[in-house]
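Fold and contact review
Chain by chain, the residues run as shown.
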Amino acid sequence: MLEDRDLKSIQMARNLVQKAKKAQKKLAEYSQAEIDNLVAELAKAAAAEAKPLAELAVEETGMGIVEDKIEKNLLASTKLWDYIKDMKTVGVVRDDKENKITEIASPMGVIAALVPSTNPTSTTIYKSLISLKAANSIVFSPHPSAQKCIQKSVEVLNKKLVELGAPEGLINCIDIVSLEGTRELMSHEDVSLILATGGSAMVKAAYSSGTPALGVGPGNVPVFIERSADLEKAVQRIMQSKTFDNGTICASEQSVVVESCIKDEVVELFKKENAYFLDADESKKVEKTIQLTHGGLNPAIVGKSAKKIAELAGIKVPHNCRVLISETDGVGQDHPFSREKLAPLLGFYTVEDWEEACDLSMEILNYGGLGHSLGIHSKNEEVIRAFSLKKPTSRMLVNTPTALGATGKTTNLAPSFTLGCGSKGGNATSDNITPLNLFDRRRIAYGVRDVETSTPQTQTATSNSTLKDSGEEELDIIIDKILEKLSQK
């Protein structure tokens with residue numbers, strides 16, 4: 001009997017992978033209609049439990065806001081299903097008769113999924129639905145601080161699978177959580193792909209496991225308010241985004257960049273929305289609360305309210321304060337407000353024009369945000385286009401809250417809680433991950449042309465023919481001489 005917790009975790013990972021492998025083989029026999037019915041019912045089941053799952057997540061992690069986590073759970077279930085329901089993910093997914101190429105979906109198999117504590121239940125629902133839609137099974141390794149709510153989400157989905165008579169083991173969760181168990185899961189020979197969402201260290205571990213991975217990490221999203229923007233709406237959208245679930249979505253705005261000609265008006269609009277501008281002394285106190293002495297983000301502020309963070313920093317703010325803002329003049333470790341802050345905190349920068357805003361945004365992105373997202377509020381399409389052309393991001397969100405736009409709630413981007421950052425961010429894809437990323441394509445290609453004889457080949461053939469003819473003439477002469485001698489005898 002295993003007594004060591006790490007060994008138990010390793011063994012559990014192995015057992016769940018084998019269970020998932022058997023279940024996936026049965027799921028692979030399902031038709032597209034059967035798959036769709038299964039996933040549609042799972043989406044309904046998850047949506048029905050959106051509130052209790054949200055409450056459990058906030059209770060367990062101490063992060064976020066129940067009402068906003070309900071919205072996340074609905075985005076990961078109902079809205080996601082509306083987006084993916086017509087996707088072809090089983091059998092023939094493309095038939096190009098003109099070019100005589102047919103593409104057939106081939107399930108990857110067993111998916112290993114890592115889930116962050118910031119969006120635990122919504123990410124679990126989302127990854128389960130996109131995996132099964134592509135005829136894969138899935139095994140979760142939950143974040144230790146969100147283990148209960150992640151396991152509860154899996155229980156909700158599995159209860160519905162039992163009712164539907166689905167193969168046992170399609171959705172699994174390790175309940176003895178350890179680093180060793182997670183490593184075993186990621187490196188297991190029967191795991192076909194890792195879906196990793198979380199911190200940089202975890203994503204790097206997924207990529208170095210030896211198993212193909214779709215990993216996405218942190219973002220450091222700047223948002224530029226250009227002089228032609230509807231300033232009131234821009235500020236309202238930024239506040240809505242930055243306060244949504246207390247800033248736990250990695251695509252939320254981290255720094256605001258404004259032109260000097262509109263600064264005063266923008267500041268007043270933020271104050272009207274109950275944002276609090278810190279003075280120099282208050283900013284220093286909050287900076288010490290944001291960042292640990294070794295330079296890492298302080299986990300105590302993640303997903304906490306502005307009032308709670310002010311309390312931790314030892315400063316007093318109005319009772320209705322929603323966001324803390326600090327005017328900032330630099331980027332880097334010496335300027336904590338310039339980093340990713342998974343909380344209602346914003347750095348505030350002033351520039352002279354959009355060209356300077358471009359340069360500053362690049363500097364912010366290079367400090368932990370490469371490949372992720374960027375926001376702009378403007379009515380000037382020329383500026384929007386010029387601003388976007390050289391930015392190393394996978395998503396540029398225009399006139400919309402970046403947290404809600406990047407995840408597909410306020411845009412037509414794919415609803416997703418795994419936002420690829422592309423090669424710039426060290427990721428394998430820049431997509432909002434959907435079922436289309438979770439199956440291989442077998443291509444059947446018919447011949448449409450014969451190999452044509454090239455000029456060099458023709459020349460060689462002619463040359464060989466000439467040699468052959470010359471050789472035959474020499475042989476005829478030799479034969480004639482032999483016959484002549486024989487006749488003389």
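Every chain is numbered on its own, with residues counted from 1 as its sequence reads. Under the rules for a predicted model, residues below a pLDDT of 70 receive no local features and side-chain atom pairs below 80 are neither given nor counted, while totals for whole chains, interfaces and linings still include all residues. For the side-chain quantities, the full set of heavy atoms in the structure was used; hydrogens and water were omitted.

Side-chain rings of Phe, Tyr and Trp (the six-membered ring for Trp) are treated as a pair once their centres are within 6.5 Å; stacked means planes under 30 degrees apart, edge-to-face means over 60, and tilted covers the remaining angles. If you walk through the whole model with that rule in mind, you get five aromatic pairs. With centroids separated by 5.2 Å and ring planes inclined at 20 degrees, the aromatic side chains of Phe-224 and Phe-387 adopt a geometry described as stacked. Of this pair, Phe-224 sits in strand 8 (residues 221-225) while Phe-387 sits in helix 14 (residues 381-389), placing them 163 residues apart in sequence. The exposure class of Phe-224 is buried, given its relative accessible area of 0%. According to the relative accessible area criterion, Phe-387 is buried, its value standing at 0%. Measuring from centroid to centroid gives 5.5 Å for Phe-277 and Phe-348, while their planes differ by 75 degrees, and the two rings are edge-to-face. With a gap of 71 residues between them, Phe-277 in strand 10 (residues 275-277) and Phe-348 in strand 12 (residues 345-351) connect regions that are remote in the sequence. Ring-over charges, as used throughout, are those where CZ of Arg or NZ of Lys falls within 6 Å of the ring centre and within 35 degrees of the ring normal. Over the ring of Phe-387 we find Lys-391, and its NZ or CZ is 4.3 Å from the ring centre. Strands are runs of DSSP state E lasting at least 2 residues, helices are runs of H or I lasting at least 4, and numbering of each runs from the N terminus. Relative accessibility thresholds used throughout: buried, under 20% of the residue-type maximum; exposed, over 50%; partly exposed, between the two (1.4 Å probe, protein chains only).

Paired through backbone hydrogen bonds, the strands of a sheet run either parallel or antiparallel to each other. When DSSP finds two or more bridges between a pair of strands, those strands are recorded as paired. As summarised here, the arrangement of the three strands in space is 1-2-15, forming an open sheet in which the pairing is antiparallel. With one partner strand each, in any of the chains shown, strand 1 (91-96) and strand 15 (439-445) form the two edges of the open sheet. With direction set aside, neighbouring strand axes in the sheet form an average angle of 25 degrees. Across seven bridges, strand 2 (residues 101-107) lies against strand 15 in antiparallel orientation. Within the sheet, the bridge partner assigned to Ile-101 lies in strand 15 and is Ala-445. Convention adopted: a line fitted to C-alpha atoms gives each axis, helices being fitted over their contacting stretch, and angles between N-to-C directions are expressed from 0 to 180 degrees.

What follows is about helix 14. The complete set of buried residues in helix 14 reads Val-383, Ile-384 and Phe-387. All buried residues of helix 14 fall inside an arc of 100 degrees around its axis, so they share one side. More than 90 degrees from the buried face of helix 14, the exposed residues found are Glu-381, Glu-382, Arg-385 and Leu-389. When checking whether two residues touch, look at their non-hydrogen atoms; a contact exists if any pair is within 4.5 Å. For helix 14, the secondary structure elements touched by its buried residues are strand 8, helix 13 (354-366), strand 13 (371-377) and strand 14 (393-398). Any pair of N or O atoms that falls within 3.5 Å is considered a polar contact. Within protein, one atom must be able to donate a hydrogen and the other to accept it, and sequence-neighbouring residues count only if both atoms are side-chain atoms. Structurally, the start of helix 14 carries an N-cap: the backbone nitrogen of Glu-382 is 3.0 Å from a side-chain oxygen of Asn-380. Relevant arc is that of directions from the helix axis to the C-beta atoms, nothing else.

Note that patches include only residues with greater than 30% relative accessible area and no salt bridge, and the join distances are 9 Å for like charges and 5 Å for nonpolar side chains (Val, Leu, Ile, Met, Phe, Trp, Tyr). Accessible areas in this description were obtained via Shrake-Rupley with a 1.4 Å probe; residue shielding takes into account the shown protein chains only. Here a salt bridge means any side-chain nitrogen of Lys or Arg lying within 4 Å of a carboxyl oxygen belonging to Asp or Glu. Asp and Glu are treated as the negative residues and Lys and Arg as the positive ones, with His and the ends of the chain left uncounted. All charge positions are set by atom: Lys at NZ, Arg at CZ, Asp at CG, Glu at CD. Together, Glu-352, Glu-355, Glu-356, Asp-359 and Glu-363 make up a negatively charged patch on the protein surface. In this fold, Glu-355 is placed in helix 13. For Glu-355, a relative accessible area of 39% puts it in the partly exposed group.

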